[in-house]
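# Results of the structural survey
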Amino acid sequence: MILWETPNKEELLESLVSMGYARSKKVLRALEKVPRELFVPRELAKYAYVDRPLPIGYGQTISAPHMVAIMTEALDPMECDKVLEVGTGSGYQAAILAEIVDPESRGCGIVVSIELVPQLSFFAKNNLERSGYIDRVYLVIGDGSLGVGAEREVFDRIIITAASPKIPEPLVSQLKKGGRMVIPVGSQEMQILTIVDKKPDGKLEIRRDIPCVFVPLRGVHGYSYIISGKDI
Ligand code: SAM
C-alpha cells in the first residue's frame, strides 16, 4: 500500500523550483510540458507527480523528478545539441532532453537513447509515441557502457542514468571537445553525481557534485555482464 501524498504537476514543479532543483527556464519548461504520467505503468499514473522513483519493471525505475531536474540542469543541453542518454528506462528523461534540444520539433537537435533491456526499450517506444516525442528520440538497444559504437567524437552531451563504477572510456571518446557528460560514479550502494567537461584541447575537467543512488550500469564498463538474466 502506497501512502504518499499525491501532489499534482503544479505542486511538484513549485517544490522543484523552491528547492532549487529546477533553475533554468528551459528545464522548467520541459518539466512542464512532458507528461510524466505517460511514462509510468498505467496503475502508477496517479503517483506520477510524487517526487519519487517509480518501478517500471525488470527491477528498474523511472528516476525521481528532482533527480531528472538536477541532472538536466547539470548537463545543460543546448538547442540543436546531439545528446546521448545511456539507460532509456521509461523514456521520460529522453523526452525532457528532446524538449530542450528540439523544442519545436524542427529536427535540429537529436537525442539518442540506449537501453540494455529490450523490453524496456519497447516500453519507452510506446511511451514516446503516446506522448508525441518519438520523432525526436532515436532509440537503440544495446550496451550503452560502450556508447553507440562510434569511433569518433559525436555527442555534445552524454547523460548516464545508471550507477557506474568508473567513467567509461568509450563514452569519453564519443564526447565532443567542448562537450559535457553527467554520470553517477561510485559503488552500487551510493554514487556521486559527476560532471565531466571535455575541454577544447581534449583534457578532462572532472567535478564531483552531490551524492545520489541509482540502479547499476551493466555491461562491459558497468558492474557485470548479464547472461540469461543472471549476473556473473
Ligand atoms: N532514464 C530513465 C527514465 O527516464 O526512465 C531511467 C533509467 S533507470 C534509473 C536505469 C536504466 O539503465 C535501466 O532501464 C537499465 O536497464 C539501464 N541500463 C543499465 N545498464 C545499461 C547499459 N549498459 N546500457 C544501457 N542501459 C543500461
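Preceding this section is the structure that the text describes.
What this report covers is the structure whose coordinates are included nearby. The structure displayed is predicted, hence computed values, not measured ones. (Residues numbered from 1 in each chain as written. Predicted model: local features only at pLDDT ≥ 70, side-chain atom pairs only at ≥ 80, totals over all residues. Heavy atoms only, no water.)

### Re the pairing of strand S7 (residues 175-186)
- Relative to S7, strand S6 (residues 155-160) runs parallel, the two being bridged by four bridges. Residue Phe-155 lies in a different strand from S7, and its bridge partner there is Leu-175.
- Looking at chain direction, S7 and strand S8 (residues 191-198) are connected through seven bridges and run antiparallel. Bridge assignment links Gly-186 to a residue of S8, and that residue is Gln-191. (Pairing = 2+ DSSP bridges. Helix = DSSP H or I, 4+ residues; strand = E, 2+ residues; numbered from the N terminus.)

### A few points about the sheet that holds S6
- Read across the open sheet, the seven strands follow the order S5-S4-S3-S6-S7-S8-S9; overall the sheet is mixed. At either end of the open sheet lies a strand with only one pairing partner, and these are strand S5 (137-141) and strand S9 (204-212). For this sheet, the mean inter-axis angle between neighbouring strands, taken without regard to orientation, is 15 degrees.
- Running over the sheet, helix H4 (residues 92-101) touches strand S3 (82-86), strand S4 (110-115), S5 and S6 and is turned about 165 degrees from S4.
- Running over the sheet, helix H5 (residues 118-131) touches S4 and S5 and is turned about 165 degrees from S5. (Axes fitted to C-alpha atoms, helices over the stretch in contact; angles between N-to-C directions. Contact = heavy atoms within 4.5 Å.)

### What to know about a negative patch on the surface
- A surface patch of negative charge is lined by Glu-10, Glu-11, Glu-14 and Glu-32.
- Per-element accounting of the negative patch gives the leading share, three residues, to helix H1 (residues 9-18).
- Relative to the helices and strands, Glu-14 resides in helix H1. (Patch = residues over 30% accessible without salt bridge, like charges linked within 9 Å, V, L, I, M, F, W, Y side chains within 5 Å. Areas by Shrake-Rupley, 256 points an atom, 1.4 Å probe, with all protein chains shown as cover. Salt bridge = Lys/Arg side-chain N within 4 Å of Asp/Glu carboxyl O. Lys, Arg positive; Asp, Glu negative; His and termini not counted. Charge placed at Lys NZ, Arg CZ, Asp CG, Glu CD.)

### Let's talk about unusual backbone geometry
- The phi dihedral of Tyr-58 falls on the positive side, at around 60 degrees, and the residue is not glycine.
- Looking at where Tyr-58 falls in the secondary structure, it is placed in the loop between strand S1 (54-57) and strand S2 (60-62).
- In this model, Ser-105 sits at a positive phi of 55 degrees, which is unusual for a non-glycine residue.
- Examined against the element boundaries, Ser-105 turns out to sit in the loop between H4 and S4.
- What makes Ser-105 partly exposed here is its relative accessible area of 44%. (Buried < 20%, exposed > 50% of the residue type's maximum accessible area, 1.4 Å probe, protein only.)

### Section: the side chain of Arg-136
- Within the secondary structure layout, Arg-136 lies in the loop between H5 and S5.
- Put simply, Arg-136 is tucked away with no salt bridge, and the nearest opposite charge, on Glu-99, sits 4.1 Å away.

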